[in-house]
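Okay, here's what each chain looks like letter by letter:
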Amino acid sequence: VGEQVLLKCSFKSSSPITESLLVDWTYRPLAGGPMETIFHYQSVPHPTTAGKFKDRISWVGNVANGDASIAIQSPVLSDNGTFICSVKNPPDV
């Protein structure tokens, strides 16, 4: 709580990394409920503009190195839940 948290995500692709590469981070609260997209990357980072993570997520990845990690600023206990990183590099998924 209070310290920046790093959510690591690494990937490998048999296809060359191109502008088509997509990264989506989704989140489901510990208490359950719907999944929500909290971060999207395609060529440039697109942090969420709504919800509990608004203005608190930063891109720390480097897709050229197979890294799609993000960081969350000022985490609180209620941020606890399931975080899923999804990487698509067409035609690779």
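A quick note: this is a predicted structure, and the numbers were derived from the prediction, not measured. (Residues numbered from 1 in each chain as written. Predicted model: local features only at pLDDT ≥ 70, side-chain atom pairs only at ≥ 80, totals over all residues. Heavy atoms only, no water.)

### A few points about the sheet that holds strand 2 (residues 22-29)
Taken in spatial order, the four strands make up an open sheet running 4-3-2-7, and their pairing is antiparallel. Strands at the two margins of the open sheet, each flanked by one partner only, are strand 4 (44-47) and strand 7 (81-88). The average undirected angle you get between the axes of adjacent strands in this sheet is 15°. Summarising the sheet, strand 3 (residues 36-42) and strand 4 pair through four bridges and their orientation is antiparallel. Residue pairing for strand 4: H40 is matched across the bridge by H46. (Pairing = 2+ DSSP bridges. Helix = DSSP H or I, 4+ residues; strand = E, 2+ residues; numbered from the N terminus. Axes fitted to C-alpha atoms, helices over the stretch in contact; angles between N-to-C directions.)

### Considerations on the UniProt feature "domain: Ig-like" (unreviewed entry) in the protein
This chain's UniProt record puts "domain: Ig-like" (unreviewed entry) on residues 1-93. Spanning residues 1-93, this segment combines 0% helix with 39% strand, and its end C-alpha atoms are found 34 Å apart. (UniProt positions renumbered as here; feature names shortened; annotations may be inferred.)

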